[in-house]
Amino acid sequence: MSRPNLQVALDHSDLPSAIKDVVAVGEIVDIVEVGTILCLQAGEQAVRCIRALYPDKKVVADTKCADAGGTVAKNCREAGADWMTVICCATIPTMEAAAKEVEEVQVELYGDWTYDQAQKWLDAGISQAIYHQSRDALLAGETWGEKDLAKVAKLIEMGFRVSVTGGLDIETLTLFKDLEVYTFITGRGITASADPKQAAKNFQAEIKRIWG
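Rules used throughout
Residues numbered from 1 in each chain as written. Predicted model: local features only at pLDDT ≥ 70, side-chain atom pairs only at ≥ 80, totals over all residues. Heavy atoms only, no water. Buried < 20%, exposed > 50% of the residue type's maximum accessible area, 1.4 Å probe, protein only. Helix = DSSP H or I, 4+ residues; strand = E, 2+ residues; numbered from the N terminus. Arc of directions from axis to C-beta. Contact = heavy atoms within 4.5 Å. Phe/Tyr/Trp six-rings, centres within 6.5 Å; stacked < 30°, edge-to-face > 60°. Lys NZ or Arg CZ within 6 Å of the ring centre and 35° of its normal. Pairing = 2+ DSSP bridges. Axes fitted to C-alpha atoms, helices over the stretch in contact; angles between N-to-C directions.

For the protein, an unreviewed UniProt entry supplies the name 3-keto-L-gulonate-6-phosphate decarboxylase and the organism Candidatus Enterococcus lemimoniae.

Another aspect to go through is helix α5 (residues 115-123). Every buried residue of α5 is listed here: Ala118, Trp121 and Leu122. All buried residues of α5 project into a common sector of 100° when viewed along the axis, lining one side. Set apart from the buried face of α5 by more than 90 degrees, the exposed residues are Asp116, Lys120 and Asp123. Looking at the packing, one finds that the buried side of α5 touches α4 (92-99), β5 (104-109) and α7 (146-158).

Attention shifts here to unusual backbone geometry. In this model, Lys64 sits at a positive phi of 50°, which is unusual for a non-glycine residue. Relative to the elements of secondary structure, Lys64 occurs in strand β3 (residues 58-65). Assessed through its relative accessible area of 21%, Lys64 is described here as partly exposed. A positive phi is found at Ala68, a non-glycine position, where the angle reads about 50°. Assignment of secondary structure puts Ala68 in the loop between β3 and α3 (69-79). Take Ala68: its relative accessible area is 40%, and that puts it in the partly exposed class.

Turning our eyes to something else, we now look at the packing of aromatic side chains. Applying the stated criterion to the full structure yields 7 aromatic pairs. Relative to Phe160, the ring of Trp121 has its centre 6.5 Å away and its plane inclined at 75°; by these criteria the two rings are edge-to-face. In this pair, Trp121 sits in helix α5 while Phe160 sits in the loop between α7 and β7 (161-165), placing the two residues 39 residues apart along the sequence. The two residues Trp121 and Phe160 agree in class, both being buried. Note on Tyr131 and Trp144: the rings are 5.9 Å apart at their centroids and 45° apart in plane angle, and the pair reads as tilted. Highlighted residues: Tyr131 in strand β6 (residues 128-132) and Trp144 in the loop between α6 (135-139) and α7, separated in sequence by 13 residues. Taken together, the aromatic side chains of Tyr131, Trp144, Phe176, Phe184 and Trp211 make up a single cluster linked through ring pairs. When the ring centre of Tyr115 is taken as reference, the NZ or CZ atom of Lys154 above it lies at 5.8 Å. The ring of Tyr182 carries the charged tip of Arg161 above its face, separated from the ring centre by 5.2 Å.

Around the barrel, 8 strands lie side by side as β1-β2-β3-β4-β5-β6-β7-β8; this closed barrel has parallel pairing. Between one strand axis and the next, the sheet turns by 25° as a mean value, whatever way the strands run. In the sheet, β3 pairs with strand β4 (residues 83-87) via 3 bridges, with the strands oriented parallel. The partner of Ala61 across the bridge, within β4, is Met84.

Have a look at this one:
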């Protein structure tokens with residue numbers, strides 16, 4: 001199996017604090033994400049700043065776009081994003097319009113979705129999916145379990161490159177040892193640690209240990 005990527009999510013409420021945190025870890029991670037909250041608070045300026053800091057990294061705009069896919073994606077691309085996210089309840093035309101403007105679209109899996117829907121995304125040429133444990137679910141006491149691993153495995157089997165996110169820590173990674181996860185996405189698991197740089201290194205070391 002190929003080694004998963006490590007993506008840091010900048011889920012900050014202001015751009016200065018996001019920049020402060022990302023400069024400690026940006027060269028260690030593989031992908032930098034301008035998180036949804038930061039997109040809402042700082043808009044395209046956040047994407048432009050991250051692109052300027054890391055011209056050779058993949059940059060994701062986590063817009064969770066639900067409509068006007070072409071316009072949102074064009075704005076993200078012009079600001080410097082390589083990829084952007086769309087919410088799973090968005091229509092296929094919205095996803096297709098977004099996919100014409102950016103390098104890749106990722107479907108964010110929240111709430112109720114079906115494998116029939118997932119097949120339609122694949123048929124539309126969208127092959128990245130992000131499987132979540134949401135922040136609110138984690139705060140309510142939910143944890144990663146067999147039901148999650150089974151869904152991730154099924155999506156991979158269908159042909160998706162699947163990223164996983166939501167309350168990930170070093171110990172969580174071993175749960176996925178038998179799966180070809182595309183990317184592990186973590187925000188506070190890195191940025192809220194006492195030493196973000198070391199936390200990012202620890203994540204990368206554990207990924208290397210498990211996947212080689």
